[in-house]
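Letter by letter, the chains look like this.
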Amino acid sequence: MYNPKSCKAEEFIDNEEVLASLKYAQENKNNVELIDKILEKARLAKGLTHREAAVLLDCEIEEKNKEIFALAEQIKKDFYGNRIVLFAPLYLSNYCVNGCVYCPYHAKNKHIPRKKLTQDEIKKEVIALQDMGHKRLAIESGEDPQNNPIEYILESIKTIYSIKHKNGAIRRVNVNIAATTVENYKKLHEAGIGTYILFQETYNKESYEKLHPTGPKHNYAYHTEAMDRAMQGGIDDVGLGVLFGLESYRYEFSALLMHAEHLEAVFGVGPHTISVPRIKKADDINPEEFDNGIDDDIFAKIVACIRIAVPYTGMIISTRESEKCRERLLHLGISQISGGSKTSVGGYFNPMPEDEDSSQFDVSDRRSLDEVIKWLMKLGYLPSFCTACYGSGRTGDRFMEICKSQQIHNFCHPNAIMTLKEYLEDYASADTKSVGEKLIEKEVESLEKSDIKDIVLKNLSKIHSGERNFKF
Ligand code: SAM
């Protein structure tokens, strides 16, 4: 029985409710009156239910689709301005006991080099990342209680936060590790993590069990209820995602929004972020073998509809996607992207030739962070290395409150300008710096409040003189 308030996976992601939503969406995909009503509600930017959003996703009327895309763009501008937050993944270990059929780290893969970074190696990786200009990381690890116990993850987080190389610092460590216990989530919370990210992969229980035939990840309920345990453990910010290509995108879309509704219903706060990875080629994985691949047009529609359905949830796109694809999606609702990423263990300090590589998947966007920053600025975006919300306790429901009232601009915009200035001073190439300085001038001009503008101007000059880490 469908119940968003239940803490049982099969009740808050009730299969019958997902199927009924898909049927409702199919029946109404050309229902202009209903679509107009949904769009009217969506324009209030307070979000939509999964059923309403499913109708928009399926909508086939060209004119209405144009309205959907335009609205997504508008909501993106209203909530996030032109800011794009940057991060990089850091792979700690690819030892894994699971049997995920889409992931090359599955336990039966005997030829992929297995690696686990020592604390000394983590230090080298982090220095390499700091030297690129990164301030925010997402740590990634396979699931292996022997090789990668929680103590190893905690020690690694401590190491990462402790490294201060030149002007560098990692100020926010997000964590993408397998579902775990409330006790372990408490420990991660105490270690000062930012967002806990866990992709559902697929919400369809039957497919989930087939795609995860062996290992602890086989347990659908344990995996699906992980975010509840994370929140019980004190983690305010959680990041959802599905791996598009495994199951029907319509099913995943509705279920993903049901998951968000469940978190909101039980904890009063929805997901902090939603990631939209698509399955990619990797070592012994061929994405063509999965029947549910989605093309770029459907992908764009999904991003636009998520943006409309949950306006205050950040959306992340990684370097799994090409420059062209990322460019198309940015204005439809993406708020965070990775740049200069390596998906192998130890890949930043010591890049390996391809045949000795331990990459999790092939990266499509292989540009350096400097190139990505310049590209963003040329497209009119303001790259941001800001981590201030987290440092100032603006997480969970406190963050959502500010975000929903659209006050977030008063913090984020000046913080984005100041962290970009830090980047330009410390890491940018001459060309990127010159594009960036012009952009900063323009962005400071656009600050509406004169007191904020004055502080920003003073801080920019202090940053130029070598001071760091200013924030609102
Ligand atoms: N091992 C952790 C877990 O079980 O959740 C998470 C870390 S894993 C390094 C991060 C994510 O990469 C997975 O959740 C999965 O969605 C994604 N991934 C795995 N194989 C992939 C592939 N071939 N292409 C694209 N993404 C993939």
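Residue positions are given per chain, counting from 1 as you read along its sequence in written order. Residue-level local features of this predicted model are given only where pLDDT is at least 70; pairs of side-chain atoms are given and counted only at 80 or more, and the full residue set underlies all totals for whole chains, interfaces and linings.

**Looking at the pairing of strand S2 (residues 136-141)**
Right, on to step 1. Every C-beta atom is placed from the backbone, and the number of other C-beta atoms within 10 Å of a residue's own sets its class: buried at 20 or more, exposed at 12 or fewer, partly exposed in between. Each helix is a run of H or I in the DSSP string that is no shorter than four residues. Each strand is a run of E no shorter than two, and both are numbered from the N terminus. Of all six residues making up S2, six are buried, and the element is well covered by its neighbours.
Right, on to step 2. Burial along S2 is two-sided: Arg-136, Ala-138 and Glu-140 and Leu-137, Ile-139 and Ser-141, pointing in opposite directions, are all buried.
Right, on to step 3. Paired strands are those between which DSSP finds at least two bridges. One ladder, built from five bridges, connects strand S1 (residues 83-93) with S2; its direction is parallel. Opposite Tyr-91, over in S2, you have Glu-140 as the bridge partner.

**Description of unusual backbone geometry**
Right, on to step 1. For Ala-45, which is not glycine, the phi torsion reads 55° and is therefore positive.
Right, on to step 2. Within the secondary structure, Ala-45 sits in the loop between helix H3 (32-43) and helix H4 (50-58).
Right, on to step 3. The backbone phi angle of Lys-166 is positive, close to 50°, even though this residue is not glycine.
Right, on to step 4. Residue classification places Lys-166 among the exposed positions, given that 10 C-beta atoms sit within 10 Å.

**A short note on the environment of Lys-135**
Right, on to step 1. Counting through the fold element by element, Lys-135 comes out in the loop between helix H6 (119-132) and S2.
Right, on to step 2. Judged by C-beta crowding, with 23 C-beta atoms within 10 Å, Lys-135 ranks as buried.
Right, on to step 3. In this structure the C-alpha to C-alpha distance between Lys-135 and Arg-172, which are 37 residues apart in sequence, comes to 6.8 Å.

**Some thoughts on the packing of helix H18 (residues 408-426) against helix H20 (residues 450-464)**
Right, on to step 1. Structural elements are reduced to axes, namely lines fitted to C-alpha atoms, with helices fitted over the stretch in contact, and the angle between N-to-C directions of any two is expressed from 0 to 180 degrees. Axis separation between H18 and H20 bottoms out at 10 Å; the angle between their running directions is 15°. Viewed along their axes, H18 and H20 adopt a mutual orientation that is roughly parallel. Along this stretch, H18 crosses H20, giving a crossing that reads as right-handed. Within the contact between the two elements, H18 uses Asn-410, Pro-414, Ile-417, Met-418, Lys-421, Glu-422 and Glu-425 and H20 uses Ile-452, Val-456, Asn-459, Leu-460, Ile-463 and His-464. For classification purposes, angles smaller than 35 degrees are called roughly parallel, those larger than 145 roughly antiparallel, those between 65 and 115 roughly perpendicular, and all remaining angles oblique. By the definition used in this description, the sense in which the near helix is turned from the far one sets the handedness, with an anticlockwise turn below a right angle giving left-handed and a clockwise turn giving right-handed. Placing C-beta atoms from the backbone, we regard two residues as in contact once those atoms come within 7 Å.

**Details of the site of the ligand**
Right, on to step 1. As a matter of local geometry, the ligand sits amid 21 residues, with Cys-103, Phe-199, Leu-243, Lys-280 and Phe-361 nearest to it.
Right, on to step 2. Throughout this entry, Asp, Glu, Lys and Arg are counted as charged residues, while Ala, Val, Leu, Ile, Met, Phe, Trp, Tyr, Cys and Pro are counted as nonpolar. The remaining residues, Gly among them, count as polar. Looking at the shell around the ligand residue by residue, the classes come out as 12 nonpolar, three polar and six charged. By convention here, the C-beta atom is placed from the backbone, and a residue is near a molecule or strand when that atom is within 6 Å of it.

**Considerations on the nonpolar core**
Right, on to step 1. A set of buried Ala, Val, Leu, Ile, Met, Phe, Trp, Tyr and Cys residues, joined through C-beta atoms within 7 Å, is what we mean by a nonpolar core. Grouped together as the largest cluster of nonpolar side chains are 138 residues, with contacts concentrated most on Leu-137, Tyr-196, Val-303, Cys-305 and Ile-308.
Right, on to step 2. Setting aside anything within four residues of it in sequence, one finds Cys-305 in contact with Ala-53, Leu-56, Leu-57, Ile-68 and Phe-253.

**Describing helix H15 (residues 369-378)**
Right, on to step 1. Taken residue by residue, H15 has Leu-369, Val-372, Ile-373, Lys-374, Leu-376 and Met-377 as its buried positions.
Right, on to step 2. Immediately beyond the C-terminal end of H15, within one or two residues, lies Gly-380, with a positive phi of roughly 95°.

**Considerations on helix H7 (residues 150-162)**
Right, on to step 1. An ideal rise of 1.5 Å per residue puts 18 Å on 13 residues; H7 measures up with 18 Å between its terminal C-alpha atoms.
Right, on to step 2. Turning to H7, its buried residues number three or more, namely Ile-153, Ser-156, Ile-157 and Ile-160. Down the axis of H7, the smallest arc covering the buried residues is 100°, so these residues share one side. Exposed residues lying more than 90 degrees from the buried face of H7 are Glu-151 and Ser-162.
Right, on to step 3. Tucked into the core, H7 has its buried residues touching S1, H6, S2 and strand S3 (172-176). One fewer than the residue count of a helix, multiplied by 1.5 Å, yields its expected span. This arc describes the spread of directions from the helix axis toward the C-beta atoms.

**Comments concerning the domain arrangement of the protein**
Right, on to step 1. Those domain boundaries reflect an automatic or database domain assignment. For the protein, the assigned domains are domain 1 (9-76), domain 2 (82-366) and domain 3 (406-464).
Right, on to step 2. Computed over C-alpha atoms only, the centres of domain 1 and domain 3 are separated by 38 Å.

**Describing the pairing of strand S5 (residues 238-241)**
Right, on to step 1. Side-chain alternation along S5 places Val-238 and Leu-240 on one buried face and Gly-239 and Gly-241 on a second face that is also buried.
Right, on to step 2. For strand S4 (residues 196-197) and S5, the ladder comprises two bridges, and the chain directions are parallel. Among the inter-strand pairings, Ile-197 is bridged to a residue of S5, identified as Gly-239.
Right, on to step 3. When S5 meets strand S6 (residues 273-275), the two strands line up parallel, connected through three bridges. Bridge pairing in S6 places Leu-240 opposite Ile-274.
Right, on to step 4. Look down the strands so they point away from you; if the path from the first strand over the helix to the second goes clockwise, the crossover is right-handed. Once the chain exits S5 it traverses helix H12 (residues 249-267) before rejoining the sheet at S6, and the crossover so formed is right-handed.

**Re the environment of Met-258**
Right, on to step 1. Looking at where Met-258 falls in the secondary structure, it is placed in helix H12.
Right, on to step 2. Judged by C-beta crowding, with 21 C-beta atoms within 10 Å, Met-258 ranks as buried.
Right, on to step 3. In the structure, Met-258 is positioned 174 residues away from Thr-432 in sequence and 42 Å away in space, judged by C-alpha atoms.
Right, on to step 4. In contact with Met-258, other than residues within four places in its own chain, are Pro-4, Phe-12, Ile-13, Glu-17 and His-50.

**Describing the packing of H4 against helix H13 (residues 296-309)**
Right, on to step 1. As a packed pair, H4 and H13 sit with axes 10 Å apart at the nearest point and diverge in direction by 150°. Comparing their axes, H13 and H4 come out roughly antiparallel. As H4 packs across H13, the resulting crossing turns out to be right-handed. When H4 is examined against H13, the residues Ala-53, Leu-56 and Leu-57 are found in contact with a partner set consisting of Lys-301, Ile-302, Cys-305, Ile-308 and Ala-309.

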